[in-house]
Amino acid sequence: MATILLITDRPGPNPVPPLSLLPHSLLTRRPTDQVLTDSAGVDVVVVDARNDLVAAKTVCQLFGSAGIMVPRLAILAEGGLAVYSQDWSCVDFILDGAGPAEYDARLRIVTAPPETYAETITVGDLVIDEAAYSVVLDGSHLELTYTEFELLKYLALHPGRVFSREHLLAEVWGYDYYGGTRTVDVHVRRLRAKLGPEHEWLIGTVRNVGYRFAIRP
């Protein structure tokens, strides 16, 4: 089951009826809401472009300019195809009138994780060996605690994706952890210190949202 953030200017409890028929968690927001903040931890963002193409494109590009890599799916009326292009920063689109089965198929495609993860994650000069629980940066081993390693690995597996502190607590520490979200900030500071001033940018902060593994400084 996916968590969907639907951004729409259409009123009513079911602005996109096919979505309400699917077994997914649906969060609905207007384009004027804090959609970047609300996207933390969701699996896909669906942008309703049926009423206002300009506003919808602006919202899509807002995610791209913020470096938020959560996949985006645009809903278009047939007339919107004339202006839809790659610079919308969406991974796919769906035409108005599609049924629940087509929505579900497209959502499964854009949210499907890789079938397997390699035991070694390499990002530039950073090499994370999952089997050996070791991290090498610029040829030097980093001495990380178990939680620091798991936090760095989780972020590196989703480069560019922004995660809220609550989401990181659930995924890295586990749902049975009773500490507050401040522990995430503490571990991020420690990780940045161990990465050093030349590489601390690898863990980026998105203000009022959370943290992401940066693709470039």
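Residues numbered from 1 in each chain as written. Predicted model: local features only at pLDDT ≥ 70, side-chain atom pairs only at ≥ 80, totals over all residues. Heavy atoms only, no water.

1. Some details on the overall build of the chain
Next up, step 1: Secondary structure summary: the chain contains seven helices and eleven strands in total.
Next up, step 2: Relative to the globule expectation of 17 Å for 217 residues, the C-alpha radius of gyration of the chain, 19 Å, shows essentially globular dimensions.
Next up, step 3: Overall, the C-alpha framework of the chain stretches about 55 × 35 × 30 Å when taken along its three principal axes.
Next up, step 4: In the chain, which comprises 217 residues, the proportion classed as buried is 44%.
Next up, step 5: Across the chain, contacts joining residues at least 24 apart in sequence account for 52% of those joining residues at least 6 apart.
Next up, step 6: Surface accessibility of the chain: about 11500 Å² in total, with carbon and sulfur atoms responsible for 52%. (Helix = DSSP H or I, 4+ residues; strand = E, 2+ residues; numbered from the N terminus. Rg over C-alpha atoms; globule rule 2.2 N^0.38 Å. Buried < 20%, exposed > 50% of the residue type's maximum accessible area, 1.4 Å probe, protein only. Contact = heavy atoms within 4.5 Å. Areas by Shrake-Rupley, 256 points an atom, 1.4 Å probe, with all protein chains shown as cover.)

2. Let's talk about the sheet that holds strand S7 (residues 126–129)
Next up, step 1: Spatially, the four strands line up as an open sheet ordered S6-S7-S8-S9, and their pairing is antiparallel. Either end of the sheet is taken by a strand with one partner, and the two such strands are strand S6 (120–123) and strand S9 (140–142). Here the strands of the sheet are splayed against their neighbours by 20° on average, with no regard to which way each runs.
Next up, step 2: Strand direction decides the pairing type here: S6 and S7, joined by four bridges, are antiparallel. Directly across from threonine 120, in S7, lies its bridge partner aspartate 129. (Pairing = 2+ DSSP bridges. Axes fitted to C-alpha atoms, helices over the stretch in contact; angles between N-to-C directions.)

3. Observations concerning the side chain of glutamate 150
Next up, step 1: Positionally, glutamate 150 belongs in helix H5 (residues 146–156).
Next up, step 2: A distance of 3.0 Å separates polar atoms of two side chains, one belonging to glutamate 150 and the other to tyrosine 133.
Next up, step 3: What glutamate 150 contacts, discounting residues up to four positions off in sequence, is Tyr133 and Val172. (Polar contact = N/O pair within 3.5 Å; in protein donor to acceptor, adjacent residues only side chain to side chain.)

4. Remarks on the packing of aromatic side chains
Next up, step 1: Under the criterion given, the structure shown has five aromatic pairs.
Next up, step 2: Ring geometry for tyrosine 154 versus phenylalanine 163: centroids 5.1 Å apart, planes at 55°, classification tilted.
Next up, step 3: Chaining the aromatic ring pairs together yields one cluster made of Tyr84, Trp88 and Phe93. (Phe/Tyr/Trp six-rings, centres within 6.5 Å; stacked < 30°, edge-to-face > 60°.)

5. As for the pattern of salt bridges
Next up, step 1: Inspection of every chain in the model, using the stated rule, returns eleven salt bridges.
Next up, step 2: Here aspartate 87 makes a salt bridge to lysine 57, at a shortest N to O gap of 3.4 Å. Of the two residues, aspartate 87 sits in the loop between strand S4 (72–76) and strand S5 (92–95) while lysine 57 sits in helix H3 (residues 53–65), which places them 30 residues apart along the sequence.
Next up, step 3: Its relative accessible area of 25% is what places lysine 57 among the partly exposed residues.
Next up, step 4: Where glutamate 102 meets arginine 106, a salt bridge forms, and the shortest distance between an N and an O atom there is 3.1 Å. Taken as a pair, glutamate 102 and arginine 106 lie in helix H4 (residues 100–111) at a separation of four residues, close to a single helical turn.
Next up, step 5: Salt bridges here are not isolated pairs; linked through shared partners, they connect Asp48, Arg50 and Asp96. (Salt bridge = Lys/Arg side-chain N within 4 Å of Asp/Glu carboxyl O.)

6. A word on the nonpolar core
Next up, step 1: Counting 27 residues, the largest nonpolar core has Leu126, Ile128, Val135, Leu151, Leu152, Leu168 and Ile203 as the members making the most contacts within it.
Next up, step 2: Broken down by secondary-structure element, the contributors of at least two residues to this core are S7, strand S8 (134–137), H5, helix H6 (165–173), helix H7 (182–195) and strand S11 (210–213).
Next up, step 3: Per-element tally for this core: the top contributor is H5, with six residues.
Next up, step 4: With residues near it in sequence (within four places) discarded, leucine 126 still touches Ile121, Val135, Val136, Leu137, Leu152, Leu202 and Phe213.
Next up, step 5: Formed by 22 residues, the second largest nonpolar core is a distinct cluster that contains Val42, Val59, Ile68 and Cys90. (Core = buried A, V, L, I, M, F, W, Y, C linked by side-chain atoms within 4.5 Å.)

7. Some remarks on the packing of H6 against H7
Next up, step 1: Running from amino to carboxyl end, H6 crosses H7 at an angle of 80°, the nearest separation of the two axes being 9 Å. In this view, H6 runs roughly perpendicular relative to H7, as classed from their interaxial angle. Touching Arg165, Leu168, Leu169 and Trp173 of H6 are Thr183, Val184, Asp185 and His187, all from H7.
Next up, step 2: Residues of the contact of H6 with H7, tallied by class, amount to four nonpolar, two polar and two charged. (Parallel < 35°, antiparallel > 145°, perpendicular 65-115°, else oblique. Nonpolar A, V, L, I, M, F, W, Y, C, P; charged D, E, K, R; others polar.)

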